[in-house]
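Listed below are the residues making up each chain.
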Amino acid sequence: MPVKRMDNVGIVVEHLDAAIEFFTELGLELMGRAPIEGEWAGRVTGLGNQRVEIAMMRTPDGHSRLELSRFLAPPVVADHRNAPVNALGYLRVMFTVEDIDDTLTRLRNRGATIVGEVVNYQDTYRLCYIRGPEGILIGLAQELG
């Protein structure tokens, strides 16, 4: 049976409010926040009796979602936030934006830093990587023409 859709991408953060504010500035909409806890949740993740606060965010087109999670218990055990682009595992999440320069200006006010530079790819896209809240690697793409 084929996959029906990709439901969401999940990112674990330390500061949920700051992450929500950042992704809201990027243009995502907060769908809701909720605590997730109990034995049932631990059976899904393999973490036992966990307590997590999540925020689900949606892109303006309504097709993609980003789940931000802050683990209260058990404590976070690894930190991949500052891994380089060529690290194994989670790499980045990329968003198409209307105006990459305006987006960079707004996100810099929320602490974003550009990883390399904005480049023109075959006069089709302008692209860059930024480090967002807590060093999360985010790609930005502006369609040209």
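Going by the structure above, here's the rest.
In what follows, the accompanying structure is described. (Residues numbered from 1 in each chain as written. Predicted model: local features only at pLDDT ≥ 70, side-chain atom pairs only at ≥ 80, totals over all residues. Heavy atoms only, no water.)

What follows deals with the nonpolar core. Ranked by internal contacts, the top residues of the largest apolar core, which has 25 residues, are Phe 23, Leu 68, Ile 130, Ile 138 and Leu 140. Breaking this core down by element, the ones donating at least two residues are α1 (16-26), β3 (50-58), β4 (65-73), β5 (93-96), α3 (100-108), β8 (125-131) and β9 (137-143). Ranked by the residues each element gives to this core, the list is headed by α1, at six residues. In this structure, Ile 130 is in contact with Phe 22, Leu 104, Leu 107, Ala 112, Thr 113, Ile 114, Val 115, Ile 136, Leu 137, Ile 138 and Leu 140, ignoring residues within four places of it in sequence. (Core = buried A, V, L, I, M, F, W, Y, C linked by side-chain atoms within 4.5 Å. Buried < 20%, exposed > 50% of the residue type's maximum accessible area, 1.4 Å probe, protein only. Helix = DSSP H or I, 4+ residues; strand = E, 2+ residues; numbered from the N terminus. Contact = heavy atoms within 4.5 Å.)

Each regular strand displays side chains that alternate between the two surfaces of the sheet. Both strand β6 (residues 113-114) and β8 contribute to a ladder of two bridges, which runs antiparallel. Bridge pairing links Thr 113 to Arg 131 in β8. One ladder, built from three bridges, connects strand β7 (residues 119-121) with β8; its direction is antiparallel. Residue Tyr 121 lies in a different strand from β8, and its bridge partner there is Tyr 125. Linking β7 to β8, which pair antiparallel, is a turn of three residues; within it Gln 122 sits at a positive phi near 50°. When β8 meets β9, the two strands line up antiparallel, connected through seven bridges. Residue pairing for β9: Leu 127 is matched across the bridge by Ala 141. Linkage of β8 to β9, two consecutive antiparallel strands, is achieved through a turn of five residues, within which Glu 134 is found at a positive phi near 60°. (Pairing = 2+ DSSP bridges.)

Moving on: the sheet that holds β4. With mixed pairing, the four strands of this open sheet are ordered in space as β1-β4-β3-β2. The strands lining the two open edges of the sheet, one partner per strand, are β1 (9-12) and β2 (29-38). For this sheet, the mean inter-axis angle between neighbouring strands, taken without regard to orientation, is 25°. Sheet analysis places β3 next to β4, joined by eight bridges and oriented antiparallel. Paired with Met 56 across the strands is Glu 67, a residue of β4. (Axes fitted to C-alpha atoms, helices over the stretch in contact; angles between N-to-C directions.)

This part takes up the packing of α1 against α3. Following both chains from N to C, one finds α1 and α3 inclined at 160°, their axes separated by 9 Å at the closest point. The angle between α1 and α3 falls in the class roughly antiparallel. In terms of crossing hand, the pair formed by α1 and α3 is right-handed. Only Thr 103, Arg 106 and Leu 107 of α3 make contact with α1, whose side of the interface consists of Phe 22, Glu 25 and Leu 26. Partitioned by chemical class, the residues of the contact of α1 with α3 number three nonpolar, one polar and two charged. (Parallel < 35°, antiparallel > 145°, perpendicular 65-115°, else oblique. Left-handed = near helix turned anticlockwise from the far one by under 90°. Nonpolar A, V, L, I, M, F, W, Y, C, P; charged D, E, K, R; others polar.)

Inspection of every chain in the model, using the stated rule, returns two aromatic pairs. The interplanar angle of 80° and the centroid separation of 5.4 Å between the aromatic rings of Phe 22 and Phe 23 together place this pair among those described as edge-to-face. The exposure class assigned to Phe 23 is buried, which follows from its relative accessible area of 0%. Look at Phe 23 and Phe 95: their rings are 6.3 Å apart centre to centre, the planes differ by 55°, and that puts the pair in the tilted class. Of the two residues, Phe 23 is situated in helix α1 and Phe 95 in strand β5; the sequence distance between them amounts to 72 residues. (Phe/Tyr/Trp six-rings, centres within 6.5 Å; stacked < 30°, edge-to-face > 60°.)

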